[in-house]
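# Observations on the three-dimensional arrangement
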Amino acid sequence: MNITQKIQEMAVFIEFIVSAGLALFFHMVLHNPEAAYSIFGIGILISLATYLLREDLEKTRHELSGQYHQAHELTFALAQISDPECQLRAQELLAGSKRTLSMLQQGFIPLDENEFYLEGAKCSDMSQHRIKAVDPITTGWLSRGVLVNFYQSNLRALDRGVAITRVFVMNREELADAEVQKVLMTQYADDIEVRIAFRDELPTTANNLSGRDTNSSYDFAIYDDQVATEVFPHSGIYFGRKTGQVVNVERYLRLYELIEHSAHMIAKEDEQIILASDMIKLAA
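## Comments concerning the overall build of the chain
From N to C terminus, the chain includes 10 helices and 9 strands. Relative to its full complement of 284 residues, the chain shows a buried share of 35%. Taking as baseline every contact in the chain between residues at least 6 positions apart, the subset at least 24 positions apart corresponds to 66%. By element, 58% of the accessible surface of the chain is carried by carbon and sulfur atoms, the whole surface being about 17,700 Å².

Below you can see the structure in the form of structure tokens.
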């Protein structure tokens, strides 16, 4: 502990001694007890005020110092990296962290693949009224563990009376594929309201509504109009994201409405899933 700190700690005692000395001087030498009492009282009050002020200043200085070091922690760490190759790698990591922080600032939680489907299953289990989903057609629904477990949560929601509408996005020629037919038939038989949207009929405004500069993944779900999850169109550190902010969810709802408006209802014909409009043509 240096001399300055010692003096600061002894300041109250020094101020008390000075005020007491002045009070004794006025009382014993000048024979003015009223002035002595006043000086002593004012001295005590000044000592208390300066003590509280110094404590508050010290506390503020300590907090500001902590905040400064916390805010510049990365800067200090980067400054200690001398190797050029390590410095380049550090800058790349920092750029990735900035993108993640930007996503969090917008109200999105980035998730890896297992986290994404786990969050989707949790949201499905908590849903009470309606799940609206848009998915690219994939055969993993019947084989991949994360998708199978996620689909089981959909079935549990159906048992609770939750309505589920799933719009599968595909190319026209994929509808005749046997594996695609199996996925469609399974979900249709489980009482999920299945619809089909062909890529060449999707709305051109979807990319603007997706909230990103990249193309929309057409792979998202909305739970009770309160929470939304989306798969990123391009692979990277994170598989997808989740949001519960009203403005973000409303954007997904608008995108879903546009896609649903472009989608086709389906029907079952000779153990095949076909477009409902094609069945009407056959009946005619």
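Right, picking up where we left off after that structure.
## Structural notes on the pairing of strand 4 (residues 193–198)
Successive side chains on a regular strand alternate, one facing one side of the sheet and the next facing the other. Taking burial as the measure, the 6 residues of strand 4 include 5 buried ones, the bulk of the element. Between the parallel pair strand 3 (residues 163–170) and strand 4, the chain is carried across by helix 7 (residues 178–189), and the sense of this crossover is right-handed. Sheet topology note: the strand 4/strand 8 (residues 264–268) ladder contains 2 bridges and is antiparallel. Counterpart to Ile196 in the pairing with strand 8 is His264.

## Some points on the sheet that holds strand 3
Sheet architecture is open: 9 strands sit in the order 1-7-6-5-2-3-4-8-9, paired in mixed fashion. Edge positions in the sheet fall to strand 1 (108–111) and strand 9 (273–275), since each has one partner strand and no second. Neighbour-to-neighbour, the strand axes of the sheet open up by a mean angle of 25 degrees, direction not taken into account. In this structure, strand 2 (residues 130–136) lies alongside strand 5 (residues 220–223), joined through 4 bridges in antiparallel fashion. By the bridge assignment, Lys132 is partnered in strand 5 with Ile222. In the packing of helix 4 (residues 84–105) onto the sheet, contacts are made with strand 1 and strand 7 (240–243), and the angle to strand 1 comes to roughly 135 degrees.

## Quick look at the packing of helix 5 (residues 113–126) against helix 6 (residues 145–159)
Two numbers describe how helix 5 lies on helix 6: the axes approach to 8 Å, and their chain directions differ by 10 degrees. Relative to helix 6, the element helix 5 is oriented roughly parallel. Residues Glu113, Asn114, Tyr117, Gly120, Ala121, Ser124 and Asp125 of helix 5 form the contact with helix 6, whose participating residues are Val146, Leu147, Phe150, Ser153, Asn154, Arg156 and Ala157. Here the contact of helix 5 with helix 6 is built from residues that sort into 6 nonpolar, 5 polar and 3 charged.

## A look at the nonpolar core
Membership of the largest hydrophobic core comes to 32 residues, with the highest contact counts inside it found for Ile137, Trp141, Phe168, Met170, Leu184 and Ile196. Counting residues per element, the ones that place at least two in this core are helix 5, strand 2, helix 6, strand 3, helix 7, strand 4, strand 5 and strand 9. With near-sequence residues (within four places) excluded, Ile137 lies in contact with Phe168, Val169, Met170, Glu174, Val180, Val183 and Leu184.

## Remarks on a nonpolar patch on the surface
Side chains of Leu101, Leu104 and Ile109 sit close together on the surface and give an oily, nonpolar patch of about 270 Å² of accessible area. When you line up the elements, Ile109 lands in strand 1. Classification of Ile109 by relative accessible area gives partly exposed; the value is 43%.

## Quick word on the side chain of Gln181
With respect to the helices, strands and loops of the structure, Gln181 is situated in helix 7. Separated by 2.7 Å, the side chain of Gln181 and the backbone nitrogen of Ile273 make a polar contact. When near neighbours in sequence (up to four residues on either side) are disregarded, Gln181 contacts Leu175, Gln272 and Ile273.

## Points about helix 9 (residues 246–262)
Here helix 9 is 17 residues long and its end C-alpha atoms lie 25 Å apart, about the 24 Å a rise of 1.5 Å per residue gives. By the burial criterion, the buried members of helix 9 are Asn248, Val249, Tyr252, Leu253, Leu255, Tyr256, Leu258, Ile259 and Ser262.

## Topic: the confidence of the model for the chain
Atomic detail in the predicted coordinates should be set aside for any region of low pLDDT. With 75% of its residues at a pLDDT of at least 70, the chain reaches an overall mean of 82. Mean pLDDT per element in the chain: helix 8 (residues 206–209) is the minimum at 52, and strand 5 is the maximum at 97. Within the model, the stretch residues 209–214 combines pLDDT values under 50 with 15 contacts to residues more than four positions away or in other chains.

## What about unusual backbone geometry?
Even without glycine at this site, Asp191 takes up a positive phi of about 75 degrees. Looking at the element boundaries, Asp191 is found in the loop between helix 7 and strand 4. Judged by its relative accessible area of 66%, Asp191 falls in the exposed class. Within the chain, Asp224 stands out as a residue other than glycine whose phi angle is a positive 55 degrees. Note that Asp224 resides in the loop between strand 5 and strand 6 (227–231). Judged by relative accessible area, which is 17%, Asp224 ranks as buried.

About the thresholds
- Residues numbered from 1 in each chain as written.
- Predicted model: local features only at pLDDT ≥ 70, side-chain atom pairs only at ≥ 80, totals over all residues.
- Heavy atoms only, no water.
- Helix = DSSP H or I, 4+ residues; strand = E, 2+ residues; numbered from the N terminus.
- Buried < 20%, exposed > 50% of the residue type's maximum accessible area, 1.4 Å probe, protein only.
- Contact = heavy atoms within 4.5 Å.
- Areas by Shrake-Rupley, 256 points an atom, 1.4 Å probe, with all protein chains shown as cover.
- Right-handed = clockwise from strand over helix to strand, strands pointing away.
- Pairing = 2+ DSSP bridges.
- Axes fitted to C-alpha atoms, helices over the stretch in contact; angles between N-to-C directions.
- Parallel < 35°, antiparallel > 145°, perpendicular 65-115°, else oblique.
- Nonpolar A, V, L, I, M, F, W, Y, C, P; charged D, E, K, R; others polar.
- Core = buried A, V, L, I, M, F, W, Y, C linked by side-chain atoms within 4.5 Å.
- Patch = residues over 30% accessible without salt bridge, like charges linked within 9 Å, V, L, I, M, F, W, Y side chains within 5 Å.
- Salt bridge = Lys/Arg side-chain N within 4 Å of Asp/Glu carboxyl O.
- Polar contact = N/O pair within 3.5 Å; in protein donor to acceptor, adjacent residues only side chain to side chain.
- Expected span 1.5 Å × (residues − 1).
- pLDDT = per-residue confidence, 0-100.

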